[in-house]
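What follows is the residue order along each chain.
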Amino acid sequence: MKRIVIFSICFGITIGGYSQTRILNKVKSKTTAKVNQRVDRHIDNAIDKTLDEIESGGKEAVQTADTTKEQKQVASKGINTQSRFDFIPGEQLVYFNDFSSDPVGELPINWNTNGTAEVVTIEGLEGKWVQLFQNATYLTDNTDSLSENFTVEFDLIMKQTNPKAPFPVLAFGVLASGNYPASANELLKGYTETFATELNIQPLGNNDSQLHLYTFQNRSKYLNTDLKRYGKLQEYFNRVLHVSMQVQKERLRIWLDGIKLYDLPKAIAPNTIINQFYLVVRRYGGEEAEVGYAVGNIRMAKGLPDTRHKLLNEGRFSTTGILFEKGSARIEEQSNGVLKQLAEVLKGESVRVKIIGHTDSDGNDSGNLELSRKRAAAVKTTLVENFGIDASRIDTDGKGESEPVGDNQSKAGRAQNRRVEFIRL
């Protein structure tokens, strides 16, 4: 039997009071920018003063100060120490696509659709994205089963150049292809005939956005949640919204930008084996140039990471769930769940560990080696300063691109190689 799980987002806006809202948003934005400028200026002045004081101590003292400054910046501008984001990605990465190898203006290689899409670049954002168009369904080129426990992550841009233009409906989800190949034409339509879970999100004016999740099996309702208000969604127009989904057998959890919206113990029908992620832009909205969606950095991973067992009993734990900004040692917010879990293990056991950073083969050898060492140091700094782990219990090192575990010729392989390893000493 074909089984399909879908999460859909329905978007719409009201235009009453638009001028006041726009003015207030501009005031808020400019106020925030001015505060940040003043804070940065005070920080820079304090750092300069400290460096002036130690400059007479010689080159070694200056290098130590610079290292401390860099690590402090990573900790302060990386993850939020108060973050409640407890999402932990699956243990084994089976699919990753940042569209870096796809030509601009074309449908992603080996994707299937009944409409059209284009790989694009977006001003102000790194990397490539897939621009989605209305009245179209999209299937990725994934071919591996995600098992009964898995996670899916991706970045979403809700683009809007005309505040009066209503968004079309966007649906995103995962499916079980059954007897069909994972990208078969038959899966582009008729998903409710087997199994589907839909998350409907409707942005409305006055912070009155709504969420509604229901599940269908054989076109009948399997689960129906109550309507939920969610005004925060409007804050993410023209910004990156990170979406995280986790399935553990029948349990479904969904996060939007680190905020857990659902934790449903019986949302997935028993024995549903899922092997595909897909997107649909269904209903007509405003003009494509005025409103639309783009997605990027799609990750699928299966299994549940047993951090404690691997680190304490096997003596080694490796994860691709600690993410960094491209070419940087700055830790991204969505890494908080993995770091928090590691900190809990270290707090419960009096063990010493070595953190080793690894990179893919992009760039040169010496640059990757230095980057891997900085990333390992950034992880240590975060565990010490944000989670209270004794610094004397942690050593760090970096291996650069010298110890790959995946094929650097593929996107998934490069993502597997960008990892952080913890070794019990």
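Our structure's up above, just so we're on the same page.
If you're wondering where the values come from, they're calculated on a predicted model, not measured in any experiment.

Asks: Which parts of the structure should I look at to understand the overall build of the protein chain?
Replies: Per the secondary structure count, the protein chain includes six helices and 21 strands. The burial tally for the protein chain puts 49% of its 425 residues in the buried class. A total of about 20,600 Å² of accessible surface is found on the protein chain, and carbon and sulfur atoms cover 45% of it.

Asks: Help me understand the nonpolar core, please; the structure alone is not making it clear to me.
Replies: Looking at soluble globular proteins, one finds that nonpolar side chains tend to be buried together. The biggest cluster of nonpolar side chains holds 53 residues, and the ones touching the most others in it are Leu132, Phe154, Leu156, Met158 and Phe277. Not counting residues up to four positions away in its chain, the partners in contact with Phe154 are Phe172, Leu241, His242, Val243, Met245, Phe277, Val295, Gly296, Asn297 and Ile298. In this structure, Phe324, Leu339, Ala343 and Val345 belong to the second largest nonpolar core, which totals 26 residues.

Asks: Hey, could you run me through the layout of surface pockets in this one?
Replies: Empty space left among the atoms is revealed by rolling a probe the size of a water molecule over them. Here the largest pocket is characterised by a volume of approximately 1,600 Å³. Lining the largest pocket are 45 residues, with Glu126, Phe324, Glu325, Lys326 and Glu332 sitting closest to its centre. At the level of elements, β13 (240-248), β17 (291-302), β19 (353-358), α5 (365-387) and α6 (411-417) are the ones that each hand at least two residues to the lining of the largest pocket. Tallying contributions element by element places α5 first for the lining of the largest pocket, with three residues. Residue composition of the lining of the largest pocket, grouped by class: twelve nonpolar, 14 polar and 19 charged.

Asks: It is not clear to me how the packing of aromatic side chains should be interpreted in this structure. Could you clarify?
Replies: According to the stated counting rule, one finds nine aromatic pairs in the structure shown. With a centroid separation of 5.1 Å and an interplanar angle of 70°, the aromatic rings of Phe87 and Trp255 are classed as edge-to-face. Residue Phe87 is found in the loop between α2 (59-77) and β2 (92-97), and its partner Trp255 is found in strand β14 (residues 251-256); the two are separated by 168 residues along the sequence. A relative accessible area of 1% places Phe87 in the buried class.

Asks: So what exactly am I meant to see when it comes to the environment of Ser318 here?
Replies: For Ser318, the position within the fold is in strand β18 (residues 316-319). Residue classification places Ser318 among the partly exposed residues on the basis of a relative accessible area of 37%. In the structure, Ser318 is positioned 37 residues away from Ile355 in sequence and 9.6 Å away in space, judged by C-alpha atoms. Once residues lying within four places of it in the same chain are set aside, the contact partners of Ser318 are Arg419, Val420 and Glu421.

Asks: Would you take a moment to explain empty space enclosed by the protein for this structure?
Replies: Inspection of the entire model under this criterion finds one cavity of 30 Å³ or more. In terms of lining residues, the largest cavity is bounded by Phe87, Pro89, Glu153, Arg299, Thr320, Gly321, Leu323 and Gln334. Residues of the lining of the largest cavity, tallied by class, amount to three nonpolar, three polar and two charged.

Cut-offs and rules
- Residues numbered from 1 in each chain as written.
- Predicted model: local features only at pLDDT ≥ 70, side-chain atom pairs only at ≥ 80, totals over all residues.
- Heavy atoms only, no water.
- Helix = DSSP H or I, 4+ residues; strand = E, 2+ residues; numbered from the N terminus.
- Buried < 20%, exposed > 50% of the residue type's maximum accessible area, 1.4 Å probe, protein only.
- Areas by Shrake-Rupley, 256 points an atom, 1.4 Å probe, with all protein chains shown as cover.
- Core = buried A, V, L, I, M, F, W, Y, C linked by side-chain atoms within 4.5 Å.
- Contact = heavy atoms within 4.5 Å.
- 1 Å grid on protein atoms, 1.4 Å probe; cavity = no way out; pocket = protein on both sides within 12 Å on 5 of 7 lines; lining within 4 Å.
- Points joined across faces, edges and corners; volume = space filled by probe spheres on them.
- Nonpolar A, V, L, I, M, F, W, Y, C, P; charged D, E, K, R; others polar.
- Phe/Tyr/Trp six-rings, centres within 6.5 Å; stacked < 30°, edge-to-face > 60°.

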